[in-house]
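Structural description and commentary
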2 protein chains.
Amino acid sequence: MARRTGRRPGNPDTREAILDAARTAFAERGFDATSIRSIAGTAGVDPALVHHYFGGKDRLFLAAMDAPLDPGELLPRMLGGDADGVGERLVRTFLEVWDSPAGAAAVALLRSGMSNEWTARLLREFLVTQVLRRILDHLGVAPAERALRGSLVATQMIGLAMMRHVIRLEPVASAPAETLVAAIAPTVQRYLRGDLS
Amino acid sequence: MARRTGRRPGNPDTREAILDAARTAFAERGFDATSIRSIAGTAGVDPALVHHYFGGKDRLFLAAMDAPLDPGELLPRMLGGDADGVGERLVRTFLEVWDSPAGAAAVALLRSGMSNEWTARLLREFLVTQVLRRILDHLGVAPAERALRGSLVATQMIGLAMMRHVIRLEPVASAPAETLVAAIAPTVQRYLRGDLS
């Protein structure tokens, strides 16, 4: 996981300059169109230093977003196993994360995305490039369907996080995770692989 | 509709005192446990004056929330017709409201509910008492199942509003309403009346 504590290499001012440049670039141009080279240029440092501090574009993006964890590390749990069970494993893993200590940071990020257009852009890039694209790639969903299927999954999962952790509507707010997995997994499974018309 | 403009009876200070007392009471004690009499007491006015200004507890609640419309006026469109189509009509009506000028006020309310615990409580009471309870009553859903079914519907619908109007994740952000109705209606229909286990 991209831990928020522990040893962080380098000069704090230089780190912060790189993270500022990264936030601006990822929000303005999106994840795909942003290079470590361009971020390094804006921050006035050598690209090798960015690699040394952050270890790659994905990690830099997660650090710039202050993401509480790296979804890449959870993907094997969601994607290992049969394709018919991926909806169930996705909902279960999602609930484990949001119900864990990392959930508080995720709620803070979601709140910030509600009130700040730039955080909303970063959240969008995060959802697409770090989570949804990887799942849909793995499932072999036709490229023309990926964006719609991915964003439908996002409507259900973000709505679940909102109702369980922010608005706190009962019984979703305090239901056992497995009750919600049973109810919501078929929705996610259909959005990923089922009939949408 | 509970219009936000036009003639409003009474002294503005008195109106505001009543609305302040109503917001506090509805957020602290919930809609069901709050009476017009107690709100009038807090505001230092006669209950008859509250009725005269606001016309009843539902209307007072909507005014206290600054709700952009009265969901009660939309219910006939959702609930008229066969029970198998209620999910579809609910999603279509929801999108019409959020895509209309009233949508901006709804987004503002949702944003406020994300950052303010009291607005979150009012939103919760609004969802349950003004929208979900009425739909579930009408459908004759078993009382023991109503809260879970209603809050599952809320996860999907609020997530849809978030992704379409706040985070603006494509293609959900700009898809034709009917594309989303086709994809999401079966989810809502299942949450209302289908198998959840």
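As the structure is a computational prediction, the values presented were derived from the model and not from experiment.

**Section: the domain arrangement of chain A**
Residues and elements named next belong to chain A. For chain A, the domain assignment lists domain 1 (12-65) and domain 2 (71-193). Placing the centre of domain 1 and that of domain 2 at their C-alpha centroids yields a distance of 26 Å. Each side of the interface is counted separately: domain 1 has 13 residues, and domain 2 has 13 residues. Counting the surface lost from both domain 1 and domain 2, the interface buries some 1100 Å², and carbon and sulfur atoms represent 66% of this. Among the residues domain 1 hides against domain 2, the three largest losses belong to Ala27, Phe61 and Met65. Together they make up 46% of the total. Between domain 1 and domain 2 we count three salt bridges in total. Residue arginine 133 pairs with aspartate 32 through a salt bridge whose shortest N-O separation is 2.7 Å. On the surface where domain 1 and domain 2 come into contact, there are five residue pairs in polar contact (both at pLDDT 80 or more).

**Structural notes on the packing of aromatic side chains**
Scanning all chains against the criterion turns up 12 aromatic pairs over all chains. Where Phe31(B) meets Phe61(B), the ring centres are 5.3 Å apart and the plane angle is 55°; that geometry is what we call tilted. With Phe31(B) in the loop between helix 1 (12-29) and helix 2 (36-43) and Phe61(B) in helix 4 (residues 57-65), this pair connects stretches of sequence that are 30 residues apart. For the pair shown, Phe31(B) and Phe61(B) are each scored as buried. Ring centres of Tyr53(B) and Phe54(B) lie 6.2 Å apart, and the angle between their planes is 70°; on these two criteria the pair is classed as edge-to-face. When sorted by exposure, Tyr53(B) lands in the same class as Phe54(B), which is buried. Three or more aromatic residues joined by ring pairs make a cluster, and in this case those are Phe26(A), Phe31(A), Phe61(A) and Phe126(A). The side chain of Lys57(A) reaches across the aromatic face of Phe31(A), ending 4.5 Å from its centre.

**Remarks on the interface of chain B and chain A**
Listed per partner, the contact involves 41 residues of chain B and 41 residues of chain A. For the pairing of chain B and chain A, the buried interface totals around 3300 Å² over both sides, and the portion due to carbon and sulfur atoms is 72%. Of all residues in chain B, the largest losses of buried area upon contact with chain A belong to Met114(B), Ile167(B) and Leu169(B), amounting jointly to 20% of the total for that side. If you look at where chain B meets chain A, you find zero salt bridges. Our count for the chain B to chain A interface comes out at 14 residue pairs in polar contact (both at pLDDT 80 or more). Where the side of chain B that touches chain A is concerned, the elements lending two or more residues are helix 7 (102-115), helix 8 (117-139), helix 9 (143-166) and helix 10 (177-193) of chain B. At 13 residues, helix 9 of chain B tops the list of elements feeding residues into the side of chain B that touches chain A.

The rules behind these values
- Residues numbered from 1 in each chain as written.
- Chains lettered and ligands numbered in written order.
- Predicted model: local features only at pLDDT ≥ 70, side-chain atom pairs only at ≥ 80, totals over all residues.
- Heavy atoms only, no water.
- Domains from an automatic or database assignment.
- Contact = heavy atoms within 4.5 Å.
- Buried area = accessible area lost by both parts, 1.4 Å probe.
- Salt bridge = Lys/Arg side-chain N within 4 Å of Asp/Glu carboxyl O.
- Polar contact = N/O pair within 3.5 Å; in protein donor to acceptor, adjacent residues only side chain to side chain.
- Phe/Tyr/Trp six-rings, centres within 6.5 Å; stacked < 30°, edge-to-face > 60°.
- Helix = DSSP H or I, 4+ residues; strand = E, 2+ residues; numbered from the N terminus.
- Buried < 20%, exposed > 50% of the residue type's maximum accessible area, 1.4 Å probe, protein only.
- Lys NZ or Arg CZ within 6 Å of the ring centre and 35° of its normal.

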